[in-house]
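Single-letter residue listing:
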Amino acid sequence: QVQLVESGGGLVQPGGSLRLSCTASGLTLEDYNVAWFRQAPGKAREAVSCIYNKNSGKIYTDSVKGRFTISRDNTKNAVYLQMNKLAPEGAGTYYCADEQYVGSASWFLASLYDVWGQGPQVAVSS
């Protein structure tokens, strides 16, 4: 059974940090492009970051550059998103998703991704 299981959501104060994990079963995540999407209430899903297959490259939306870091641990079949300097606008439901063939020109299109995690929430509040 193909699944992406997420962990690491929670509540942080502004300026705080969280690390999200996305662990796969039923597939070898190293062979897939993996993206993180964020969805705030009443808003569309927004692509946050993507790490390409074989760790061949990374991309971030402008609003998180310098604060968020995406990485892989292939021994654990996992992808991570380290989020630093979180602000209220960074709150929402975070989803990981994989796709085998998405390219750099379309990495941000949620409709192209095949398997999605359950989307734990990240809350930022003082």
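Structure's up top.
Residues numbered from 1 in each chain as written. Predicted model: local features only at pLDDT ≥ 70, side-chain atom pairs only at ≥ 80, totals over all residues. Heavy atoms only, no water.

A. Local environment of the overall build of the protein chain. Along its length, the protein chain carries 0 helices and 11 strands. Taking 2.2 N^0.38 as the reference for a compact globule, 126 residues should give roughly 14 Å; the C-alpha atoms of the protein chain span a radius of gyration of 13 Å, in line with that estimate. The dimensions of the protein chain, computed from C-alpha atoms along their principal axes, are 40 × 30 × 25 Å. A buried classification covers 45% of the 126 residues belonging to the protein chain. Contacts spanning at least 24 positions in sequence make up 59% of the contacts within the protein chain whose residues lie at least 6 apart. Per element, the accessible surface of the protein chain, about 6300 Å² overall, is 47% carbon and sulfur. If you average the places of the 11 positive and of the 10 negative side-chain charges in the protein chain, the two averages end up 7 Å apart. (Helix = DSSP H or I, 4+ residues; strand = E, 2+ residues; numbered from the N terminus. Rg over C-alpha atoms; globule rule 2.2 N^0.38 Å. Buried < 20%, exposed > 50% of the residue type's maximum accessible area, 1.4 Å probe, protein only. Contact = heavy atoms within 4.5 Å. Areas by Shrake-Rupley, 256 points an atom, 1.4 Å probe, with all protein chains shown as cover. Lys, Arg positive; Asp, Glu negative; His and termini not counted. Charge placed at Lys NZ, Arg CZ, Asp CG, Glu CD.)

B. A nonpolar patch on the surface, seen in detail. The grouping of Phe108, Leu109 and Leu112 at the surface amounts to a nonpolar patch, some 240 Å² of accessible area in total. When you line up the elements, Phe108 lands in the loop between strand E9 (92-99) and strand E10 (115-116). Relative accessible area serves as the criterion here: at 42%, Phe108 is assigned to the partly exposed category. (Patch = residues over 30% accessible without salt bridge, like charges linked within 9 Å, V, L, I, M, F, W, Y side chains within 5 Å. Salt bridge = Lys/Arg side-chain N within 4 Å of Asp/Glu carboxyl O.)

C. Representation of the pattern of salt bridges. One pass over the full model with this rule turns up 3 salt bridges. Residue Asp31 is joined to Lys54 by a salt bridge in which the shortest nitrogen-to-oxygen separation is 2.7 Å. Within this pair, whereas Asp31 is found in the loop between strand E3 (18-25) and strand E4 (33-39), its partner Lys54 is found in the loop between strand E5 (46-51) and strand E6 (58-60), the two being separated by 23 residues in sequence. Its relative accessible area of 30% is what places Asp31 among the partly exposed residues. With a closest N to O distance of 2.9 Å, Asp62 and Lys65 form a salt bridge. Take Asp62: its relative accessible area is 60%, and that puts it in the exposed class.

D. Quick peek at the packing of aromatic side chains. In total, this model carries 5 aromatic pairs according to the counting rule given. Between the aromatic rings of Phe37 and Tyr113, the centroid separation amounts to 5.3 Å while the plane-to-plane angle is 75°, which identifies the pairing as edge-to-face. Remark: Tyr113 occurs in the loop between E9 and E10 and Phe37 occurs in strand E4; sequence separation between them is 76 residues. Tyr113 shares its class with Phe37; the two are buried. One aromatic cluster in this structure is built from Phe37, Tyr95, Tyr113 and Trp116. Note that Arg45 overlies the ring of Tyr95, its terminal NZ or CZ placed 3.8 Å from the centroid. (Phe/Tyr/Trp six-rings, centres within 6.5 Å; stacked < 30°, edge-to-face > 60°. Lys NZ or Arg CZ within 6 Å of the ring centre and 35° of its normal.)

E. Broad picture of the nonpolar core. Counting 26 residues, the largest nonpolar core has Trp36, Phe68, Leu81, Met83 and Tyr94 as its most contacted members. Within the residue set of this core, elements represented by two or more residues are E3, E4, E5, strand E7 (68-73), strand E8 (78-83), E9 and strand E11 (121-124). At 4 residues, E3 tops the list of elements feeding residues into this core. (Core = buried A, V, L, I, M, F, W, Y, C linked by side-chain atoms within 4.5 Å.)

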